[in-house]
Amino acid sequence: MQNFSLHTHTLGFDGRNTEAQMVEQARALGWSKIGFSNHFIVHRNIKSTKMYQYALKGGYEQIYSSSFDEAVEKFQAHYERVDELKEKTGFTIYKGMEVDFFRGDEWQEGFKKAVKILKPDYLIGSAHFVLTRDTLYNTHDLKNASKEEQNLLLHKYYQNVRAAAESGLFNFLAHLDLMKKVGLGLEKEWIDEERQTVEAIAKAGARAEINTSGFKLLYDEPYPSKRILSLLAEYNVPVIISDDAHNVERLGDNFKKAEELAQKAGIKIFYDPFKTQPQSVITSGREIYRGGLHE
């Protein structure tokens, strides 16, 4: 069974525990390593979303930034703490980030510059927001939208996931069917969209996570669904198991259950970015390594 997690969140962003407490728990579990991947969400309109008001009330405004400079400043302080903790404990700790991907050259150029400054060890691609006509919708915003709006934005959501895979920027992609969180995309009519998405992931040579936080929902399955797991197996997409832990109690949560589901679906390739050499791609004349942008 996988004995590490790379998708975790800590205090100071939207996690409940410090980096030191998470490392202490990882050691108690007998793990070989841990990675911290706090939210890196940057968009000029991010603070005008409905979700931002809830973030303020919950004390989670730290995860939202209107500019890349603002986000870099937050992560520099976090990464400094991680470096100090690595030196103090001798434990293997990786510096990552869970990045909300937005389409557009301006966003991608800004992101690449931020990565060159921060030099993270790995990058997780995600999509919590859907943009239409300069309005950003969070996953939760769609719950009370009309059926027509829900369908339109769900299509856009899957387009974002495919674009994130095709960008070549990320080590792996998080919770492929996040919209399931608000009950969207469950019908069989979405199977073609799911297949297109898995095809795009496979064609791009990308990887996907099996996120055990999905077990908290009513469907008794992780993100992604059992039918998407079968597609990942069909297209030989490598997977990594994630707990998306926001506290120490969630570290390693349901890993065995996720592994059994993956094997039952026919998945044979389990991915660890730190067991193999980084895979490089060429984008816009630059070489971008999965796991960070380097000179």
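Since we're looking at a predicted model, the values are computed, not measured.

Draft legend 1. The arrangement of the pattern of salt bridges in detail. For the coordinates displayed, the defined rule picks out 14 salt bridges. For Asp 177, the salt bridge identified is with Lys 180, shortest N-O distance 3.3 Å. Its relative accessible area of 5% is what places Asp 177 among the buried residues. On the basis of relative accessible area, Lys 180 is assigned to the buried category, the value being 2%. Salt bridges linked by common partners bring Lys 47, Glu 70 and Lys 74 together as one network.

Draft legend 2. How the structure looks around the confidence of the model for the protein. Per-residue pLDDT for the protein has a mean of 91; in total, 93% of the residues score no lower than 70. Low pLDDT (under 50) marks residues 277-295, which in the prediction has 46 contacts with non-local residues, meaning those over four places away or in another chain.

Draft legend 3. The side chain of Gln 150, seen in detail. Mapped onto the fold, Gln 150 is located in helix H5 (residues 147-167). With sequence-adjacent residues up to four places away left out, Gln 150 is seen in contact with Leu 142, Lys 143, Ala 145 and Leu 184.

Draft legend 4. How the structure looks around the packing of aromatic side chains. Counted by the stated rule, this structure contains 17 aromatic pairs. An aromatic cluster is built from Phe 13, Phe 40, Phe 68, Phe 75, Tyr 79, Phe 101, Phe 102, Trp 107, Phe 111 and Phe 170, whose rings are joined through pairwise contacts. Cation over ring: Lys 33 sits above Phe 4, and NZ or CZ is 4.5 Å from the ring centre.

Calculation rules
- Residues numbered from 1 in each chain as written.
- Predicted model: local features only at pLDDT ≥ 70, side-chain atom pairs only at ≥ 80, totals over all residues.
- Heavy atoms only, no water.
- Salt bridge = Lys/Arg side-chain N within 4 Å of Asp/Glu carboxyl O.
- Buried < 20%, exposed > 50% of the residue type's maximum accessible area, 1.4 Å probe, protein only.
- pLDDT = per-residue confidence, 0-100.
- Contact = heavy atoms within 4.5 Å.
- Helix = DSSP H or I, 4+ residues; strand = E, 2+ residues; numbered from the N terminus.
- Phe/Tyr/Trp six-rings, centres within 6.5 Å; stacked < 30°, edge-to-face > 60°.
- Lys NZ or Arg CZ within 6 Å of the ring centre and 35° of its normal.

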